[in-house]
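Observations on the model geometry
Listed here are the chains, written in short residue letters.
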Amino acid sequence: VTSEMIFLILFAVILTEVRGHGSFIPLTLNSKSTTKYVSICGEYTYFDVYMPYPCSDLNIEVFPTSGKPNIYVSKANIDGDPYPTKSKLTWAADVYGDNKVSISHWDPESSPGWYYIGIYNDCTYQSKTASYSITAYTSDDNSQDIFSNK
């Protein structure tokens, strides 16, 4: 056993731990992350988050320090594939300056369960690597609820 083999084994174990569920990086709901992620031009980085609350809205927000990270979200497998892309998605924030997806609990596609997030570094107008942090959190907008006291 060489030191190179040991390094490769350790790297594979660390990579598996970092990627979480398969090749998705897990996000903890309502926990602001300070971890910086990087997406290279034209590539996706994938995250997932579990949303257990049927009467709360889900918000997914990126805080870029460089590049143009676009957000694509899907709730379930689309055509047997859970990886959202700019052509295969349910929700998106891909306009310059729009760094947040808000999913209303009134949306018919919304329900408790896993949400899959693809962050795509759009290099149409720049060629920087996207660097960002990402968070997923709930909010309660009960203004349309018929039994709300508001």
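Structure's up top.
What you see is a predicted model; the values in this text were computed from it and never measured.

**Considering the sheet that holds strand E3 (residues 44-51)**
Read from one edge to the other, the open sheet built from five strands follows the order E1-E3-E8-E5-E6, with strand pairing classed as mixed. Two strands in the sheet have a free side with no partner beyond their single neighbour: strand E1 (25-26) and strand E6 (91-93). Across eight bridges, E3 lies against strand E8 (residues 113-121) in antiparallel orientation. Within E8, the position partnered with Tyr44 by the bridge is Tyr120.

**Structural notes on the side chain of Thr45**
Assignment of secondary structure puts Thr45 in strand E3. We classify Thr45 as buried; its relative accessible area is 14%. Side-chain polar atoms of Thr45 contact the side chain of Ser39, separated by 2.7 Å. With near-sequence residues (within four places) excluded, Thr45 lies in contact with Ile25, Val38, Ser39, Ile117, Gly118, Ile119 and Tyr132.

**Some remarks on the pairing of strand E5 (residues 69-74)**
Burial of E5 is extensive: six of the six residues sit out of reach of the surface. Neither face of E5 is left uncovered, since the one carrying Pro69, Ile71 and Val73 and the one carrying Asn70, Tyr72 and Ser74 both have all their residues buried. Examined bridge by bridge, E5 and E8 share six bridges and lie antiparallel to one another. Opposite Val73, over in E8, you have Ile117 as the bridge partner. Bridge count for E5 against E6 is three bridges, and the pairing is antiparallel. Across the sheet, Val73 pairs through a bridge with Trp91, a residue of E6.

**Digging into the sheet that holds strand E4 (residues 57-66)**
Strand order in the open sheet formed by four strands is E2-E9-E4-E7, with antiparallel pairing between adjacent strands. Strands with a single pairing partner mark the edges of an open sheet, and in this sheet they are strand E2 (37-39) and strand E7 (100-103). Looking at each pair of strands side by side, their axes are set apart by 30° on average, direction ignored. Of the pairings in the sheet, the one linking E4 to strand E9 (residues 130-139) comprises nine bridges and is antiparallel in character. Each bridged residue has a counterpart across the sheet, and for Pro64 the counterpart in E9 is Tyr132.

**Things to note about the state of the cysteines**
With the rule as written, the count across this model stands at one disulfide. Paired through a disulfide, Cys41 and Cys123 show a sulfur-sulfur distance of 2.1 Å. Disulfide Cys41 to Cys123: torsion about the S-S bond roughly -95°, handedness left-handed. On the criterion of sequence distance, the pair formed by Cys41 in the loop between E2 and E3 and Cys123 in the loop between E8 and E9 is long-range, its members being 82 residues apart.

Here is what the cut-offs are and how they apply
Residues numbered from 1 in each chain as written. Predicted model: local features only at pLDDT ≥ 70, side-chain atom pairs only at ≥ 80, totals over all residues. Heavy atoms only, no water. Pairing = 2+ DSSP bridges. Helix = DSSP H or I, 4+ residues; strand = E, 2+ residues; numbered from the N terminus. Buried < 20%, exposed > 50% of the residue type's maximum accessible area, 1.4 Å probe, protein only. Polar contact = N/O pair within 3.5 Å; in protein donor to acceptor, adjacent residues only side chain to side chain. Contact = heavy atoms within 4.5 Å. Axes fitted to C-alpha atoms, helices over the stretch in contact; angles between N-to-C directions. Disulfide = S-S within 2.5 Å.

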